[in-house]
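Secondary and tertiary structure notes
So you can see what is in the structure, the chains are spelled out below.
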Amino acid sequence: MGHGSEIVLIATQYETPDRVRQNLVDYGIDAEKYEKDGSLVIVDAVKGYQRGDVNGVLKLAKSLAGRAEKEGKQGVCVFGDPGSFFMFDKLAELLQYELSMPHRFDVKIKAFCSYHAADFDRLTPGQKQAIEGDYYRKIVA
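Residues numbered from 1 in each chain as written. Predicted model: local features only at pLDDT ≥ 70, side-chain atom pairs only at ≥ 80, totals over all residues. Heavy atoms only, no water.

1. A look at the nonpolar core
For clarity, the cut-off: In this description, a nonpolar core means a group of buried Ala, Val, Leu, Ile, Met, Phe, Trp, Tyr and Cys residues linked to one another through side-chain atoms lying within 4.5 Å. Think of it in three bands: residues with accessible area under 20% of the maximum for their type are buried, residues over 50% are exposed, and the middle band is partly exposed, with areas taken using a 1.4 Å probe on protein chains only. The secondary structure listing takes helices from DSSP runs of H or I that are at least 4 residues long and strands from runs of E that are at least 2 residues long, numbered from the N terminus. Contacts were defined at the residue level, with two residues in contact if any of their heavy atoms lie within 4.5 Å.
Residues Leu9, Tyr49, Val76, Val78 and Leu94 are the most contacted members of the largest nonpolar core, which totals 26 residues. Elements with a contribution of two residues or more to this core: strand S1 (7-12), helix H3 (45-50), helix H4 (56-70), strand S3 (76-80), helix H5 (83-87) and helix H6 (91-100). When residues in this core are grouped by element, the largest group, 6 residues, is from H4. When residues no more than four places from it in sequence are discounted, the contact partners of tyrosine 49 are Ala11, Val54, Val57, Gly80, Asp81, Pro82, Ser84, Phe85 and Tyr97. With 8 residues, the next largest nonpolar core counts Val8, Ile10, Val20 and Leu24 among its residues.

2. With respect to the side chain of aspartate 119
The condition that has to hold: None of His or the chain ends enter the tally, which takes Lys and Arg as positive and Asp and Glu as negative. Salt bridges, as used here, are contacts in which a Lys or Arg side-chain nitrogen is within 4 Å of a carboxyl oxygen on Asp or Glu.
Relative to the assigned elements, aspartate 119 resides in helix H7 (residues 117-120). Of the side chains with opposite charge, arginine 122 lies nearest to the buried aspartate 119, which makes no salt bridge, at 4.3 Å.

3. Digging into the packing of aromatic side chains
Condition: We call Phe, Tyr and Trp rings a pair once their centres come within 6.5 Å, taking the six-membered ring for Trp, and we label the pair stacked below 30 degrees between planes, edge-to-face above 60, and tilted otherwise.
If you walk through the whole model with that rule in mind, you get 4 aromatic pairs. With 5.3 Å between their ring centres and 65° between their planes, tyrosine 115 and phenylalanine 120 make a pair best called edge-to-face. An aromatic cluster of at least three residues, connected via ring pairs, comprises Phe86, Tyr115 and Phe120.

4. Here we look at the packing of H6 against helix H8 (residues 125-132)
Test applied: Interaxial angle, 0 to 180 degrees, is taken between N-to-C directions of lines fitted to C-alpha atoms, where a helix line uses only the stretch in contact. Comment on the angle field: the value is read as roughly parallel under 35 degrees, roughly antiparallel over 145, roughly perpendicular from 65 to 115, and oblique elsewhere. For this classification, the nonpolar set comprises Ala, Val, Leu, Ile, Met, Phe, Trp, Tyr, Cys and Pro, the charged set comprises Asp, Glu, Lys and Arg, and every other residue, Gly included, is treated as polar.
Two elements in contact, H6 and H8, have axes separated by 9 Å at closest approach and are oriented at 25°. Considered as vectors, H6 and H8 are oriented roughly parallel to each other. Of the residues in H8, those touching H6 at Leu94, Leu95, Glu98 and Leu99 are Gln127, Ala130 and Ile131. Residues that form the contact of H6 with H8 fall into these classes: 5 nonpolar, 1 polar and 1 charged.

5. As for H4
Stated formally: Expected helix span is given by 1.5 Å per residue-to-residue step, counting one fewer step than there are residues. Directions from the helix axis toward the C-beta atoms define the arc.
Over its 15 residues, H4 runs 21 Å from end to end, which matches the ideal 21 Å to within 8%, given 1.5 Å per residue. Val57, Leu58, Ala61, Leu64, Ala65 and Ala68 are the residues of H4 that are buried. Along H4, the residues classed as buried sweep out an arc of 125° about the axis, all on the same side. For H4, the exposed residues lying more than 90 degrees away from the buried face are Lys59 and Lys70. Considering only its buried residues, H4 is in contact with S1, strand S2 (40-44), H3, S3, H6 and strand S4 (109-113).

6. Observations concerning unusual backbone geometry
Not every positive phi belongs to a glycine, and aspartate 89 is a case in point at roughly 55°. Checked against the element boundaries, aspartate 89 lands in the loop between H5 and H6. By relative accessible area, which is 59% here, aspartate 89 ends up exposed.

7. Notes on the sheet that holds S2
Selection criterion: The pairing criterion is simple: DSSP has to find at least two bridges between the two strands.
Within the open sheet, the 4 strands sit side by side as S2-S1-S3-S4. Their pairing is parallel. The open sheet has two edge strands with one neighbour each: S2 and S4. Averaged over all neighbouring strand pairs, the angle between strand axes comes to 15°, with direction disregarded. Along the sheet, H4 makes contact with S1, S2, S3 and S4, crossing S1 at roughly 170°.

None of this, on its own, says anything about what the molecule does.
Next comes the structure, spelled out in structure tokens:
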């Protein structure tokens with residue numbers, strides 16, 4: 001993580017927030033320090049996407065972007081895992097959510113959707129194409 005340059009938001013699905021924290025620590029990142037100073041926010045993706053408002057993570061990211069601007073930071077970098085849409089069998093909602101994302105945000109947000117390969121494979125070719133669109137870059141690991 002860059003020294004104070006941006007706020008990082010991680011919405012985790014297949015690992016608990018505590019496990020993500022521990023993974024960061026295992027790689028030499030002082031997660032506790034960054035969480036305390038507000039430059040790292042780790043949330044449960046189920047709560048962020050499925051508890052009442054599928055736009056919960058996006059709203060949090062926009063709020064953090066406003067804070068980043070006030071603090072002179074470069075913006076927010078979001079790593080979101082939409083696996084909860086698959087877990088709750090809400091593929092139509094997933095497509096609606098993904099297609100509602102702007103090509104460019106009106107605030108400084110870089111967003112990375114990280115699909116689990118097994119989840120992504122559940123989509124039809126047409127659904128994959130709709131989600132990927134013209135502006136997505138895909139990294140398969």
